[in-house]
Amino acid sequence: MTSYPLFDVRVSTPTLELRGATDDLLGELAHLVRAGKTHADPPPYDDPISLYEPDPDLRVAKWMRSIWRGRGNVEPAKWRLYFVVVVDGRPVGMQDLIGVDFAALGTVTSFSWLSVDERGRGLGHEMRAAMLHLAFEGLGAKEASSDAFVDNHGSNSISRALGYEPNGSDWATRLGEPGLLNRWRLTRANWEQHRRNDINLHNIESCQTYLPLTQNSH
Ligand SMILES: CC(C)(COP(=O)(O)OP(=O)(O)OC[C@H]1O[C@@H](n2cnc3c(N)ncnc32)[C@H](O)[C@@H]1OP(=O)(O)O)[C@@H](O)C(=O)NCCC(=O)NCCS
């Protein structure tokens, strides 16, 4: 066990593993961030985000700082579990699970990126399914949401395939330019219909202890 038990939370599927994003794992992932392997065209992320920083070394520094900040903010209104996606021992991307008013509403959202070299062979779908299994099966979530720019075909296809329903649209900027977002919502009942029996959760007791999952938790 590490000195920060949330780092020990893991989700494994037949093809990949979500591992708690320790500094060692972030260090292994940093070369992908430095090399711009997080990029996509059209730009997929809404502002502000470290991944749009043009200077490669500064991009890595800002990316790490944002993760350190996010780890340190554990409040009932918002907490975030950062996971590194590992395939055959190789870190290839990130899949984060974000609690939004979880204690009161049971709602989560997510964020992800996969190295450009690993896209298009089902890993994006698999890592989202793993995150949802942790949220619904492990933490008892009631609903998951996801937003993606209308031209982010990968993310929108994954949401549709996993049973999310359209939930309107919204505006955000990316690199300073306005863009329309699709909003998606996955209810617990719809997740149940896509529930998998080949995804395993490890050390999730830490979540009950160290995250404010109920109204009574501190
Ligand atoms: C979104 C992302 C994680 C998807 O990962 P991926 O491994 O390429 O996705 P998959 O291979 O699992 O594909 C899932 C579906 O999207 C479709 N898809 C993926 N990329 C696509 C593209 N560029 N154009 C059209 N369809 C695409 C696949 O055909 C598949 O559809 P299907 O289930 O109907 O066959 C990856 O593209 C990525 O990291 N993008 C940049 C960051 C990002 O957009 N993050 C999410 C929003 S913040």
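In this report, we go over the structure that sits alongside the text. Fair warning: this is a prediction, and the values are worked out from it, not measured in the lab.

## Brief notes about the overall build of the chain
- Across its full length, the chain carries 7 helices and 10 strands.
- Computed over the C-alpha atoms, the radius of gyration of the chain is 16 Å, within 12% of the 17 Å expected from 2.2 N^0.38 for a compact globule of 218 residues.
- Viewed in the frame of its principal axes, the chain has a C-alpha envelope of about 45 × 40 × 35 Å.
- Across the chain, the fraction of contacts at a sequence separation of at least 24, relative to all contacts at a separation of at least 6, is 64%.
- A total accessible area of about 10700 Å² is found for the chain, and carbon and sulfur atoms account for 50% of it.

## A word on the site of the ligand
- Surrounding the ligand, one finds 19 residues, the nearest of these being S112, L114, G120, G122 and N152.
- A distance of 2.7 Å is found between an oxygen atom of the ligand and a backbone nitrogen or oxygen belonging to G122.
- Between the ligand and the protein, one listed contact pairs an oxygen atom with a backbone N or O atom of H125 at 2.9 Å.
- Of all the secondary structure elements, the ones that give two or more residues to the shell around the ligand are β6 (107-114), α4 (123-138) and α5 (153-161).

## Points about the packing of aromatic side chains
- Under the counting rule described, the total for this entry stands at 5 aromatic pairs.
- Taken together through their ring pairs, the aromatic side chains of Y45, Y52 and F111 make up a single cluster.

## Some points on the environment of W63
- Inspection of the secondary structure puts W63 in helix α2 (residues 56-72).
- On the basis of relative accessibility, which here comes to 3%, the residue W63 falls in the buried class.
- With 10 residues separating them in the primary sequence, W63 and E53 have C-alpha atoms 9.1 Å apart.
- Residues within four places of W63 in sequence aside, it is in contact with L26, L29, A30, V33, S50, L51, M94 and W113.

Procedures and definitions
Residues numbered from 1 in each chain as written. Predicted model: local features only at pLDDT ≥ 70, side-chain atom pairs only at ≥ 80, totals over all residues. Heavy atoms only, no water. Helix = DSSP H or I, 4+ residues; strand = E, 2+ residues; numbered from the N terminus. Rg over C-alpha atoms; globule rule 2.2 N^0.38 Å. Contact = heavy atoms within 4.5 Å. Areas by Shrake-Rupley, 256 points an atom, 1.4 Å probe, with all protein chains shown as cover. Near = heavy atom within 4 Å. Polar contact = N/O pair within 3.5 Å; in protein donor to acceptor, adjacent residues only side chain to side chain. Phe/Tyr/Trp six-rings, centres within 6.5 Å; stacked < 30°, edge-to-face > 60°. Buried < 20%, exposed > 50% of the residue type's maximum accessible area, 1.4 Å probe, protein only.

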